[in-house]
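Secondary and tertiary structure notes
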Amino acid sequence: METPVITTTGLTKIYGADRSHGRAVTALDGVDLHVREGEVYGVIGQSGAGKSSLIRCVNLLERPTAGTVTVAGQDLTALAGRGPRAGRELREARSRIGMVFQHFNLLSSRTVQDNVELPLEILGRSGKERSRKALELLDLVGLADKARAYPAQLSGGQKQRVGIARALAGDPEVLLSDEATSALDPETTRSILQLLRDLNRQLGLTVLLITHEMDVVKSVCDSAALMERGRIVESGTVGELLATPGSELAAALFPVGGDASGDDRTVVDVTFQGDAATRPVISQLSRTYNIDISILGAAMDTVAGKQVGRMRIELPGSYEDNVVPIGFLREQGLRIEVPGREQKPVPAKEGAAK
Ligand SMILES: Nc1ncnc2c1ncn2[C@@H]1O[C@H](COP(=O)(O)OP(=O)(O)OP(=O)(O)O)[C@@H](O)[C@H]1O
Ligand SMILES: [Mg+2]
């Protein structure tokens, strides 16, 4: 899981840079991305942040203005720049990168099976090999009985399954997905995400997916990056993000709300991870300091098989009254944030209390 399978360095895309007049748009502004082998990596960000530009530069559908893209050890940007012969090399490299689209991009005049066979035709595979592979992939995505159907006869979810089967035709090491579920209803979204997760596990497929929905990240991703105005402003595994003070992604993945019930109360956000998530720290805190603790909000979940989550609790008394209990929580290895006092370290001396 450690070797990066997708790496971009200083990736920059300026649309209209070559025009002598008209406004140039900087869609990517020096993006360094590292996606490790076998992980599901989510890139999230608002509309216009540059997500689609990033994914289109990763498979060189779009030529980057500057920077490099390496996929499975191969520098695609170097291939792109080397004249007409490089065209074929690049096409071959691209066949090892599967791409799934928001609007499926199926050919309506072709059957489901023929849509899946299309990339294999381009690669010059024999008819027999193509049909064997297509039927195997349709079986894998749960559409064995739809091979002869036409796209118009399928539901949205089924169309996306065909799109995924087609993306897998060239036995890719990497699957890229640009908003693959945003045209689908919530239940179909879940089943498509589950399919991507299963393919990731069964085939060891690395998945880079773009989304603007936090739920997508939460349900399938091992790692995530937040994009704003062409830059990655935060990135890491879900665990690393939770351990980062002030992480916007962690707060969005595990939102906790709730206001203090009175003036003389202290609100504390606690982030649990690993061992700490299963230890009864809150009841220990209550017993050790003989204080009543209210839980104002909590978001716990299992991510990559580990319990993680955040909890907002309320302690009686002012912040100054609670320096020692807060210190106790920190000693338990929990990440503690006091809303309104974020980032300010709690004085370590006991004398500060009462
Ligand atoms: N072909 C293009 N020519 C000119 N500008 C473009 C082109 N494609 C994208 N842009 C601009 O680049 C910026 C990033 O666009 P991009 O499509 O990458 O955003 P996005 O994060 O995918 O947004 P969305 O969530 O709406 O799909 C935007 O300002 C957009 O208008
Ligand atoms: Mg987009």
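Being a predicted model, the structure only gives us computed values, none of them experimental.

Definitions and cut-offs
Residues numbered from 1 in each chain as written. Chains lettered and ligands numbered in written order. Predicted model: local features only at pLDDT ≥ 70, side-chain atom pairs only at ≥ 80, totals over all residues. Buried ≥ 20, exposed ≤ 12 C-beta atoms within 10 Å, placed from the backbone. Helix = DSSP H or I, 4+ residues; strand = E, 2+ residues; numbered from the N terminus. Pairing = 2+ DSSP bridges. Right-handed = clockwise from strand over helix to strand, strands pointing away. Axes fitted to C-alpha atoms, helices over the stretch in contact; angles between N-to-C directions. Left-handed = near helix turned anticlockwise from the far one by under 90°. Contact = placed C-beta atoms within 7 Å. Nonpolar A, V, L, I, M, F, W, Y, C, P; charged D, E, K, R; others polar. pLDDT = per-residue confidence, 0-100.

1. Remarks on the pairing of strand E7 (residues 174-178)
Of all five residues that make up E7, five are buried, and the element is covered over most of its length. Along E7, one buried face is formed by Val 174, Leu 176 and Asp 178 and the opposite face, lined by Leu 175 and Ser 177, is buried too. The pairing of strand E6 (residues 97-100) with E7 spans four bridges and is parallel. Considered in E7, the bridge of Ile 97 is made with Val 174. The sheet contact formed by E7 and strand E8 (residues 206-211) spans five bridges and is parallel. Within the sheet, the bridge partner assigned to Ser 177 lies in E8 and is Leu 209. In this region the chain leaves E7, passes through helix H7 (residues 186-203) and returns to the parallel neighbour E8; the handedness of that crossover is right-handed.

2. Focus on the packing of helix H11 (residues 281-289) against helix H12 (residues 323-331)
When two helices pack together, you describe them by how their axes are tilted relative to each other and by the distance separating the axes. Running from N to C, H11 and H12 point in directions that differ by 145°, and their axes come no closer than 11 Å. With respect to the hand of their crossing, H11 and H12 are arranged in right-handed fashion. Side by side, H11 and H12 meet where Val 281, Leu 285, Thr 288 and Tyr 289 of the first sit next to Pro 325, Phe 328 and Leu 329 of the second. Looking at side-chain class alone, the contact of H11 with H12 contains six nonpolar, one polar and no charged residues.

3. A look at the confidence of the model for the protein
Averaged over every residue, the pLDDT of the protein is 88; the share at 70 or more is 93%. Confidence, read as mean pLDDT per element, is least for helix H3 (residues 83-95) in the protein (73) and greatest for strand E2 (residues 25-36) (97). Throughout residues 344-354 the model reports pLDDT below 50, and contacts reaching past four residues in sequence, or to other chains, amount to 13 contacts.

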